[in-house]
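Chains, contacts and geometry: an overview
Spelled out from the first residue to the last, the chains are:
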Amino acid sequence: MKAYLAVIKDSFREAFASRVLWILLVLITLLLLLLAPLGVKDEVAATLSRGDISTGSEFSNKLVEQSQSERPLPGKHIWQMLPRDLQEQMTQLQAGENGRSSFRVLKPLIKKLNELLTRTDFYDEAAWSRYPLGEEARPLLERGVSNLSETELKRFNRLALDAAYPADIRSVPEMATRVVYFGYEMGGPLPADREKMRDVVLTVLMQVMTLLVGVLGVFVAILVTASIIPHMFESGAIDLMLSRPLSRSLLFLSKFIGGCTFILLNSAYLITGLWLYVGLRFDIWSNKLLLCIPVFLFLFAIYYSVSAFAGVVWKNAVVSVVITILFWAACFTVGTSKEVVETIFLNPERFAVLVPAGESLLAANKSGQTFQWQPDDHTWQPVFTSGSGDAGLLGLIYPMVGPIYDSQADQLVAIASSRPGVPGFAGSGTIVVGKRSNDWERIPSISTPPGTQTLFIESEGTILIAGAVGIFRLEGESNTEQVAGNDVAPQGKAAKFVEAGPEGTDSWSPPFAADRNPQNGNLAIFSRGTLNLLKPSDDGRFTIDQTTDLETKELALVAYAGKTILVALGSGEIRTFDAETLKPTGSFQPFDSDKPQQVAASPNGHWFTVQFHNNKTWTFDATTGEPLVTDIAGQGNISAVAYTADNKLLVADRYPRVLEYDLETGNVTRRFEAGSGRLELFYRYVLNPIYTVFPKPGELDSMVLYLLTDEKTPSLDIKKGPENLQDERATLNIWEPVWSNLAFLAVMLGLTCLYIERKDF
């Protein structure tokens, strides 16, 4: 054993004697010295930036509209303080005159609003009477605006502005951060507190380490260590070693371990330095960051095992490097091919929304296209399309809320956005309807208020919408057509959205989620950690009946049916409540910290199903108060869930298949499965099996990201709106690459040892 330890020790001495090692250590030191003065400082968040306005020109248009109101409103009050030339620009923007650019209007508007935030007359009690201030702003108001310091005054006015326009202006935390270098401020304040900055810093750190250690470091280490194994088998060196009673395999493994010394020293020095840097400068003492050292060492060992095998067989350092590069190229090609096929071709075709429509079944995929199942030929046929097509820029489909089925009018109803992107949004859009009698052809109707997030059909067939901006009911004909951008209803019955309460609450604070009980028409609304039960009065307006504080800052999804309200939190926790008293009745954590993506409830309130971003489902039995144990096929591949009118569970998986379950018996009652296309067959039977058996060194980045963020489903951040649990997220494959790479490493080292034992040197 001493002889083998001596070989390893000798490898350490060789590594320390390497000029390349010292050059890299000097470069790492210079990098750390350059980063050392970079940091952040805290300041009160009050400044309004362009990124804070989530609805763009719609915010400006809303100020113009409110300026014409007869009653006092925040927009009318602010309008009176704006200069005349800016008012004219905003009016022209609303009317679409002179090709007025929203950027050229918003820039001076934001600048002027920041000036107004310093004024004591910015807040007017009468104008804000219907827009209650939050917990942070109320104590400041009680002290008196004139008694506030300059910083407190600006913060109070910003809070008042946020309260008046929750759907248009992103709320900011109490403290913002500003990047500084050598004490000099760089750019404006960032609307992020220390907690959010922690996520940003760690994500950037992961990218830096992946580039410097996982790519450049590993490549340089392969170049430096490629000659170690071939040199070991040169004439003279191998004779000297084999003159002793040593195991050839153990001798090789000792050299292999010694070859890993180079990357170990560099990665340990860089990552330890970064750990100290983010700890001292950002107060982020993430001990898991140090666990990245063995991860990157493992990454190098995978590539080095290929280099070592080539070195033993061909005894040439250049050949070893070339073979290793070819191995990397093969892994990269297989992994990238799988990702491209999934991301561009297959995932957009997966069903995201299931819509039972009487005896028919419709489904919308993640691209926003809607299909109807044809039982005669077992195919999914596209429906709910417009004559002009639905594809947007670069093939993107206009996002939607819905569609949902209106049984009274036998039609589909959805809210389509005017901006191409991904399904799901929280901005203004247009009601679109499609009647079965008209082959579900999509017809545009009236525009919705900004901030709309949910869509319901009441028992009378009335359209009800809810969002951060409030609750609205559509009055008039919904099958309105647009002519030259204006809403025109037949026989002059102009449709419009009318506020539906509750009195004194015109807005809800994000994060927001809502659901409607199909039996009694009550609403359950989650708003910034508070669960509210709303009941309709005789005049149709909603009033708040019960409220409870859930003491959470997490995002949430809500399902409400029967006598139960289910809240699925972003932390992965599922809470259930009594629908009359809002008293908690249960708490569950089905998949650790995996985030929920969709919730559905059976109309009779018997079952609630949650679909998570890990593409698995969990079902709650409200009658027993316990999770329902049943065999749902496709776990790990489920993309959507819904319930039929007769309380059957619909589950979508594969590309695209839907199964209907009777949860009373656990049996599959109907199957909606079309034939597979060529690309899907190629993926399922060729590409995916190759990927499964292939090593996955590139996917160890997922382990690094998980160690730094503790997130198994990080957001893809593909849109600028408020974060939403229904947004697409990346599902990190953490342990499969570890076991796959470990098996490959064991096989390569085993083959090399076998070759050495049988080869006559």
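Every value quoted in this text rests on a predicted model; they were computed, and no experiment measured them. (Residues numbered from 1 in each chain as written. Predicted model: local features only at pLDDT ≥ 70, side-chain atom pairs only at ≥ 80, totals over all residues. Heavy atoms only, no water.)

This part takes up the overall build of the chain. Counting its secondary structure elements, the chain contains 18 helices and 33 strands. Looking at the 761 residues of the chain, the share that counts as buried comes to 50%. Considering only contacts in the chain between residues 6 or more positions apart, those separated by 24 or more positions represent 58%. Here the chain has roughly 35300 Å² of accessible surface; of this, 56% comes from carbon and sulfur atoms. (Helix = DSSP H or I, 4+ residues; strand = E, 2+ residues; numbered from the N terminus. Buried < 20%, exposed > 50% of the residue type's maximum accessible area, 1.4 Å probe, protein only. Contact = heavy atoms within 4.5 Å. Areas by Shrake-Rupley, 256 points an atom, 1.4 Å probe, with all protein chains shown as cover.)

With that settled, the discussion passes to the nonpolar core. Core analysis: the biggest nonpolar cluster contains 68 residues, and Met-209, Phe-252, Leu-289 and Cys-292 have the highest contact counts within it. Per-element tally for this core: the top contributor is helix α14 (residues 292–314), with 14 residues. The residues contacting Cys-292, other than those within four sequence positions of it, are Met-209, Ile-271, Val-704, Leu-707 and Leu-708. Counting 39 residues, the second-largest nonpolar core is a separate cluster that includes Leu-63, Ala-137, Ala-160 and Ile-169. (Core = buried A, V, L, I, M, F, W, Y, C linked by side-chain atoms within 4.5 Å.)

A word on the environment of Ile-257. Of note, Ile-257 is situated in helix α12 (residues 248–259). In this structure the C-alpha to C-alpha distance between Ile-257 and Ile-8, which are 249 residues apart in sequence, comes to 6.7 Å.

Attention now moves to the packing of α12 against helix α18 (residues 735–758). Packing of α12 against α18 brings their axes to within 9 Å, and their N-to-C directions diverge by 135°. On the basis of the axis angle, α12 is oblique to α18. Both α12 and α18 take part in a crossing whose hand is right-handed. Contacts between α12 and α18 involve Arg-248, Ser-249, Phe-252, Leu-253 and Phe-256 from the former and Leu-745, Leu-749, Thr-752, Cys-753, Ile-756 and Glu-757 from the latter. Within the contact of α12 with α18, the residues separate by chemical class into seven nonpolar, two polar and two charged. (Axes fitted to C-alpha atoms, helices over the stretch in contact; angles between N-to-C directions. Parallel < 35°, antiparallel > 145°, perpendicular 65-115°, else oblique. Left-handed = near helix turned anticlockwise from the far one by under 90°. Nonpolar A, V, L, I, M, F, W, Y, C, P; charged D, E, K, R; others polar.)

All right, on to the sheet that holds strand β33 (residues 667–673) then. What the four strands build is an open sheet, ordered β30-β31-β32-β33; its pairing is antiparallel. One side of each edge strand has no neighbouring strand; the edge strands of this open sheet are β30 (638–643) and β33. Averaged over all pairs of adjacent strands, the angle between their axes in this sheet comes to 20°, without regard to strand direction. Summarising the sheet, strand β31 (residues 649–653) and strand β32 (residues 657–662) pair through five bridges and their orientation is antiparallel. Paired with Asp-653 across the bridge in β32 is Arg-657. (Pairing = 2+ DSSP bridges.)

This brings us to the pattern of salt bridges. Tallied over the full model, the rule gives 24 salt bridges. Here Lys-648 and Asp-646 are joined by a salt bridge, their closest N and O atoms 3.4 Å apart. Taking the relative accessible area as the measure of exposure, Lys-648 reaches 16% and is therefore buried. On the basis of relative accessible area, Asp-646 is assigned to the partly exposed category, the value being 47%. (Salt bridge = Lys/Arg side-chain N within 4 Å of Asp/Glu carboxyl O.)

If you check helix α2 (residues 19–35), its first and last C-alpha atoms are 24 Å apart, about what 17 residues at 1.5 Å a residue would give, namely 24 Å. Those residues of α2 not exposed but buried are Leu-21, Leu-25, Ile-28 and Leu-32. Angular distribution of buried residues about the axis of α2 spans 60°; they occupy a single face of the element. α2 presents Arg-19, Ile-23, Leu-33 and Leu-34 as exposed residues on the side facing more than 90 degrees away from its buried surface. (Expected span 1.5 Å × (residues − 1). Arc of directions from axis to C-beta.)

This part covers the packing of helix α9 (residues 194–225) against α14. Following both chains from N to C, one finds α9 and α14 inclined at 35°, their axes separated by 10 Å at the closest point. Like other packed secondary-structure pairs, α9 and α14 cross with a definite hand, here right-handed. Contact residues: Met-209, Thr-210, Val-213, Gly-214, Val-218, Ala-221, Ile-222 and Thr-225 in α9; Cys-292, Phe-296, Leu-299, Phe-300, Tyr-303, Tyr-304 and Ser-307 in α14. Residues belonging to the contact of α9 with α14 are distributed by class as follows: eleven nonpolar, four polar and no charged.

In this structure the tally under the stated criterion is one cavity of 30 Å³ or more. Per-class residue counts for the lining of the largest cavity are three nonpolar, one polar and five charged. (1 Å grid on protein atoms, 1.4 Å probe; cavity = no way out; pocket = protein on both sides within 12 Å on 5 of 7 lines; lining within 4 Å. Points joined across faces, edges and corners; volume = space filled by probe spheres on them.)

To continue, consider the packing of aromatic side chains. With the rule as written, the count across this model stands at 23 aromatic pairs. Aromatic side chains Phe-351 and Phe-371 sit 6.5 Å apart centroid to centroid with 45° between the ring planes, which places their arrangement in the tilted category. One end of the pair, Phe-351, is in strand β4 (residues 351–357); the other, Phe-371, is in strand β6 (residues 370–374), and 20 residues separate them in sequence. For Phe-351, a relative accessible area of 2% corresponds to the buried category. Among the aromatic residues, ring-to-ring pairing joins Phe-351, Phe-371, Trp-373, Trp-380 and Phe-672 into one connected group. One cation-aromatic arrangement involves Lys-338 over Tyr-691; the distance from NZ or CZ to the ring centre is 4.5 Å. Over the aromatic face of Phe-384 sits the side chain of Arg-442, whose NZ or CZ is 4.8 Å from the ring centroid. (Phe/Tyr/Trp six-rings, centres within 6.5 Å; stacked < 30°, edge-to-face > 60°. Lys NZ or Arg CZ within 6 Å of the ring centre and 35° of its normal.)

A separate point is the side chain of Arg-473. Checked against the element boundaries, Arg-473 lands in strand β14 (residues 470–475). When sequence neighbours within four positions are dropped, the list of residues in contact with Arg-473 reads Glu-458, Thr-462, Ile-463, Leu-464, Lys-496, Phe-497, Val-498, Ala-500, Gly-540 and Phe-542.

Let us now look at the environment of Thr-120. By secondary structure assignment, the location of Thr-120 is in the loop between α6 (102–116) and α7 (137–143). For Thr-120, a relative accessible area of 48% translates into the label partly exposed.

Turning to the pairing of β30, a few remarks are in order. The buried fraction of β30 amounts to six of the six residues, a majority that puts the element mostly inside the structure. Examined bridge by bridge, β30 and β31 share five bridges and lie antiparallel to one another. Each bridged residue has a counterpart across the sheet, and for Ala-640 the counterpart in β31 is Ala-652.

Attention shifts here to the environment of Phe-300. Position of Phe-300 relative to the elements: it lies in helix α14. Accessibility expressed as a relative area gives 0% for Phe-300, which makes it buried. Sequence-wise, Phe-300 and Val-213 are 87 residues apart; in three dimensions their C-alpha atoms are separated by 9.4 Å. Leave out the neighbours within four places in its chain, and Phe-300 touches Val-218, Ala-221, Ile-222, Thr-225, Gly-259, Cys-260 and Ile-263.

Attention now moves to the confidence of the model for the chain. Residues at a pLDDT of 70 or more form 89% of the chain, whose mean pLDDT is 85. Here residues 388–398 is modelled with pLDDT under 50, and outside its nearest four sequence neighbours on either side it reaches 24 contacts, counting other chains as well. Confidence drops under pLDDT 50 across residues 420–427; counting only partners more than four residues distant or on other chains, this segment forms 38 contacts. (pLDDT = per-residue confidence, 0-100.)

In this structure, Pro-403 follows Gly-402 across a cis peptide bond, with omega equal to 5°. Along the chain, the position of Pro-403 falls in strand β8 (residues 400–406). If you check the backbone angles, Glu-551 has positive phi at about 55° while not being a glycine. Along the chain, Glu-551 falls in the loop between β21 (542–549) and β22 (556–561).

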